Amino acid sequence: MATPLIEDPTGVDDVSPRYEIGGLYEYQDPTYGQVLLRYYLCTSTAAAGTGDVCQYVAANATAVTPDRDETGFVALSCGGVAVGSSVTTGQYGFYQVAGIGMVALRSDGGVAAGDTCVMHSADDECDTTAAGQEHATLAVALADDGADSVAAGSWVCRGLL
Amino acid sequence: MAKGLTANPQSLSNTADQKYEFGTLYYYQGAYYRYAKFEDAVTYAEGHCVAWSNANATAVTNDWSAALGTAPVPVAGVCLTAMTQNYYGFFQVAGIGKVRLYAYDLDGTAEVAAGKFLVMDDATDGKAQVMADTEEHLVFAVATSAGSSSYIASGNWVCKGMI
């Protein structure tokens, strides 16, 4: 189902695609165990940073953006959480879709342990699931967030596969 | 996608010491599992729902009041055997149910009907119940056949949304 990934995905920011775009990859994180990632084009007007919650771009499940204002974005349709320190606009990187969170998850500062999370209206972030958003849940937080993130290892992907 | 197990995870569960890696997804005969410490016991049984109980995804509990979150809490998986408190074992997270599932309908007594979506109950520890409105994001399983006597038989339910 998934292709083994040997390279550390946190350092990937490819000018040209070196992996199958949209493909599913499994990676053995040295701290958090096995995780699943997808490889996407970043189309945002700003780079996707570590832990950014990214949504699919309309009609194209091979590109994502952390920018909620980008033309054509698909509301609440999370494509994954960026694991690279920076995926440049127009370049390619990995986004986590299953497993224990291997990077800190960007959040709005109001997420509590045990909350399920969806994409926030603010760029990059997630928020606690509200009524009517249940179908869009992307993670479960296992610890309260700080000012802007839930720590690595303290959240679990949910419903992105 | 996952590390293969060479024996049934049910038989590999309930050990006093940690034998497998936390976090990793494991595969055995068509289903997927995770591994954790089973703590805060309200006497575990095969088919109990378990929820996350610590901040680093290494421990679960069947006691909803000790789990993370506001009830009904998000389910981490389904317990495979009668675990001893604070022992280690596997729980199912994807695939067709390999053990019976402890569950009942919304009124707390009736059997679950086929096609119902399930969440963790906030009245009886370890038990699942049929989803109510606004609990859609907490669904962890679907009953594919009707239950009986508080249980849905193995093979008659399917995991949903836990990986």
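Read on for a plain summary of the structure. The model shown is predicted, which means the values in this text are computed figures rather than measured ones.

What counts, and at which threshold
Residues numbered from 1 in each chain as written. Chains lettered and ligands numbered in written order. Predicted model: local features only at pLDDT ≥ 70, side-chain atom pairs only at ≥ 80, totals over all residues. Heavy atoms only, no water. Helix = DSSP H or I, 4+ residues; strand = E, 2+ residues; numbered from the N terminus. Rg over C-alpha atoms; globule rule 2.2 N^0.38 Å. Buried < 20%, exposed > 50% of the residue type's maximum accessible area, 1.4 Å probe, protein only. Contact = heavy atoms within 4.5 Å. Areas by Shrake-Rupley, 256 points an atom, 1.4 Å probe, with all protein chains shown as cover. Lys, Arg positive; Asp, Glu negative; His and termini not counted. Charge placed at Lys NZ, Arg CZ, Asp CG, Glu CD. Core = buried A, V, L, I, M, F, W, Y, C linked by side-chain atoms within 4.5 Å. 1 Å grid on protein atoms, 1.4 Å probe; cavity = no way out; pocket = protein on both sides within 12 Å on 5 of 7 lines; lining within 4 Å. Points joined across faces, edges and corners; volume = space filled by probe spheres on them. Nonpolar A, V, L, I, M, F, W, Y, C, P; charged D, E, K, R; others polar. Disulfide = S-S within 2.5 Å. Phe/Tyr/Trp six-rings, centres within 6.5 Å; stacked < 30°, edge-to-face > 60°. Pairing = 2+ DSSP bridges. Axes fitted to C-alpha atoms, helices over the stretch in contact; angles between N-to-C directions. Buried area = accessible area lost by both parts, 1.4 Å probe. Salt bridge = Lys/Arg side-chain N within 4 Å of Asp/Glu carboxyl O. Polar contact = N/O pair within 3.5 Å; in protein donor to acceptor, adjacent residues only side chain to side chain.

Scanning chain B from N- to C-terminus turns up 1 helix and 13 strands. Ordering the α and β elements of chain B from the N terminus gives β-α-β-β-β-β-β-β-β-β-β-β-β-β. Its C-alpha atoms give chain B a radius of gyration of 14 Å, near enough to 15 Å, the size a compact globule of 163 residues would have. Considering chain B as a whole, with its 163 residues, one finds that 54% of them fall into the buried category. By sequence separation, contacts in chain B at least 24 residues apart represent 57% of the contacts at least 6 residues apart. Carbon and sulfur atoms make up 45% of the accessible area of chain B, which totals about 6,100 Å². Considering chain B, the positive charge centre built from 9 side chains and the negative charge centre built from 15 side chains are found 11 Å apart.

We now examine the nonpolar core. One finds Trp 52, Phe 91, Leu 101, Leu 118 and Phe 140 of chain B to be the most contacted residues of the largest nonpolar core, which totals 51 residues. When residues of this core are assigned to their parent elements, the largest contribution, 6 residues, is made by strand β3 (residues 31-38) of chain B. Excluding its chain neighbours within four sequence positions, the residues that come into contact with Leu 101 of chain B are Gly 47, Val 78, Leu 118, Phe 140, Ala 141, Ser 150, Tyr 151, Ile 152 and Trp 157 of chain B. Ranked by size, the runner-up nonpolar core spans 32 residues in total, among them Ala 2, Tyr 27, Cys 78 and Ala 141 of chain A.

Another point: empty space enclosed by the protein. This model, assessed by the stated rule, comprises 1 cavity of 30 Å³ or more. Put simply, the largest cavity is a space of about 60 Å³. Forming the walls of the largest cavity are Val 140, Val 156, Cys 157 and Arg 158 of chain A together with Arg 34, Trp 52, Pro 74, Val 75, Ala 76 and Met 162 of chain B. Elements with a contribution of two residues or more to the lining of the largest cavity: β15 (155-157) of chain A together with β6 (75-79) of chain B. Classifying every residue of the lining of the largest cavity gives 8 nonpolar, no polar and 2 charged.

Quick look at the state of the cysteines now. All names here are of chain A. Taken as a whole and assessed by the stated rule, the structure comprises 0 disulfides over all chains. Cys 54 supplies the cysteine sulfur nearest to Cys 42, a cysteine that is in no disulfide, at a spacing of 6.5 Å. Unpaired in terms of disulfides, Cys 126 finds its nearest cysteine sulfur in Cys 117, a separation of 4.2 Å. Residue classification places Cys 126 among the buried positions, given a relative accessible area of 0%.

Okay, the packing of aromatic side chains next. Residue and element names in this part refer to chain A. Inspection of the entire model under this criterion finds 21 aromatic pairs over all chains. Judged by centre distance (5.7 Å) and plane angle (85 degrees), the ring pair of Tyr 40 and Tyr 56 falls under edge-to-face. Residue Tyr 40 is located in strand β3 (residues 33-42), and its partner Tyr 56 is located in strand β5 (residues 53-57); the two are separated by 16 residues in the primary sequence. Looking at Tyr 40, the relative accessible area reads 0%, which means it is buried.

Attention shifts here to the sheet that holds strand β13 (residues 139-141) of chain A. Residue and element names in this part refer to chain A. Overall, antiparallel pairing links the 4 strands, which are arranged β12-β11-β13-β15 in an open sheet. Edge strands, defined here as strands with exactly one partner in the open sheet, are β12 (126-128) and β15. Averaged over all pairs of adjacent strands, the angle between strand axes in this sheet comes to 35 degrees, irrespective of strand direction. As defined by bridge partners, β13 adjoins β15 across 3 bridges and the pair is classed as antiparallel. What sits directly across from Val 140, in β15, is Val 156.

To continue, consider the interface of chain A and chain B. Across the contact, 28 residues belong to chain A and 27 residues belong to chain B. Counting each side, the surface lost to burial between chain A and chain B is near 2,000 Å², with a carbon and sulfur contribution of 57%. Remark: the boundary between chain A and chain B carries 0 salt bridges. Put simply, chain A and chain B have 10 residue pairs in polar contact (both at pLDDT 80 or more) between them. Elements that contribute at least two residues to the side of chain A that touches chain B include exactly β2 (24-29), β3 and β15 of chain A. When residues of the side of chain A that touches chain B are assigned to their parent elements, the largest contribution, 3 residues, is made by β3 of chain A. Among the residues forming the side of chain A that touches chain B, the class breakdown is 14 nonpolar, 11 polar and 3 charged.

Residues and elements named next belong to chain B. As for its position among the elements, Asp 125 is in the loop between β9 (117-120) and β10 (128-130). Buried charge Asp 125 goes without a salt bridge, the closest partner of opposite sign being Lys 127 at 12 Å. Within the structure, Asp 125 has its side chain in polar contact with the backbone nitrogen of Trp 64 (distance 3.0 Å). Residue contacts for Asp 125: discarding those within four places in its chain leaves Val 42, His 48, Asn 62, Asp 63, Trp 64, Ser 65 and Tyr 102.

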